[in-house]
Amino acid sequence: NAKGGAIYNASGSTMTIYTGNGTTTISGNTATGDGAEGGAIYNAGTMNITSGGSYLTIKNNTAGATSANQTSSGIATGANSSTTLNAGNTIFYLDDKITSDDTTSALTLRTANTSSGFVYLNNDMTGYTGSVELAGGRIYLGESTSSGVQSADNSSAKFFNATSTSVTAGTIYDTQNG
């Protein structure tokens, strides 16, 4: 099975990705083969992606059985995995789908505060069925793309099909366009 077109974190492993001070884009990666998932990233263990001071964009990554049937696939999570995306005081644009193998994975979207930390969910995230924690800052559903375009109607952006969702005090979750 092809998992993680750019980054693969095995079960039982811990990986921390620190994006540094410049703008980081994870784009154009592909996972191809039977059971392919996580065009950019596949996490089966514990993964923390933290911004070092600038934007992170995950876009134009795909996965599929063959090159003819690729679909959007930014991050895929395995059973009993834990994934934390910490935007800090910056912006994360999640233009690709986030999915999970089952309901046992945990995903945390974290920002430092509501005035400078933002996470934009710009795709159909219903393929993710684990638990979701919105931990501070502003989380937007389909409001802006990585190109900075404000969308009046982004009907493709959908929230996670989570088994549970928790929201930390002080978090703003904006579903204006979702």
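For the structure, check the block above.
Predicted, not measured: the structure shown is a model, and the values here were computed from it.

Cut-off values and rules
- Residues numbered from 1 in each chain as written.
- Predicted model: local features only at pLDDT ≥ 70, side-chain atom pairs only at ≥ 80, totals over all residues.
- Heavy atoms only, no water.
- Core = buried A, V, L, I, M, F, W, Y, C linked by side-chain atoms within 4.5 Å.
- Buried < 20%, exposed > 50% of the residue type's maximum accessible area, 1.4 Å probe, protein only.
- Helix = DSSP H or I, 4+ residues; strand = E, 2+ residues; numbered from the N terminus.
- Contact = heavy atoms within 4.5 Å.
- Pairing = 2+ DSSP bridges.
- Phe/Tyr/Trp six-rings, centres within 6.5 Å; stacked < 30°, edge-to-face > 60°.

Asker: Can you help me understand the nonpolar core in this one?
Answerer: Soluble globular proteins tend to bury their nonpolar side chains together. Membership of the largest hydrophobic core comes to 28 residues, with the highest contact counts inside it found for Ile 41, Leu 85, Leu 94, Ile 98, Leu 109, Leu 121 and Phe 160. Counting only elements with at least two residues in this core, the list comes to β6 (46-50), β7 (56-59), β11 (82-88), β12 (91-94), β14 (106-111), β15 (118-121), β16 (131-135) and β17 (138-141). Ignoring anything within four residues of it in the chain, the contact list for Phe 160 reads Ile 98, Leu 107, Leu 109, Leu 121, Met 125, Thr 126, Tyr 128 and Val 132. Within the second largest apolar cluster, five residues are counted, among which are Ile 91, Phe 118, Tyr 120 and Tyr 140.

Asker: It is not clear to me how the environment of Gly 64 should be interpreted in this structure. Could you clarify?
Answerer: As for its placement among the helices and strands, Gly 64 is situated in strand β8 (residues 62-64). For Gly 64, a relative accessible area of 9% translates into the label buried. Along the primary structure Gly 64 and Ala 2 are separated by 62 residues, whereas in three dimensions their C-alpha atoms are 8.8 Å apart. In this structure Gly 64 touches Ala 31, Thr 32, Gly 33, Ala 36, Asn 69 and Gln 70, once residues within four positions along its chain are discounted.

Asker: Help me out: how do you make sense of the sheet that holds β8 in this one?
Answerer: Backbone hydrogen bonds are what pair the strands of a sheet, in a parallel or an antiparallel way. In spatial order, the strands read β4-β8-β9; together these three strands make up an open sheet with mixed pairing. Here the strands that pair on one side only, and so sit at the sheet edges, are β4 (30-32) and β9 (71-72). The pairing of β8 with β9 spans two bridges and is antiparallel. Note on β9: the bridge partner recorded for Ala 63 is Thr 71.

Asker: So what exactly am I meant to see when it comes to the packing of aromatic side chains here?
Answerer: When we look at a pair of aromatic rings, we describe it by the centre distance and by the angle of the planes. Scanning the entire structure with this criterion turns up eight aromatic pairs. Ring geometry for Tyr 120 versus Tyr 140: centroids 4.9 Å apart, planes at 15°, classification stacked. Of this pair, Tyr 120 sits in strand β15 while Tyr 140 is found in strand β17, placing the two residues 20 residues apart along the sequence. Given a relative accessible area of 10%, Tyr 120 falls into the buried group.

Note that all results are geometric; they support no functional claim without further evidence.
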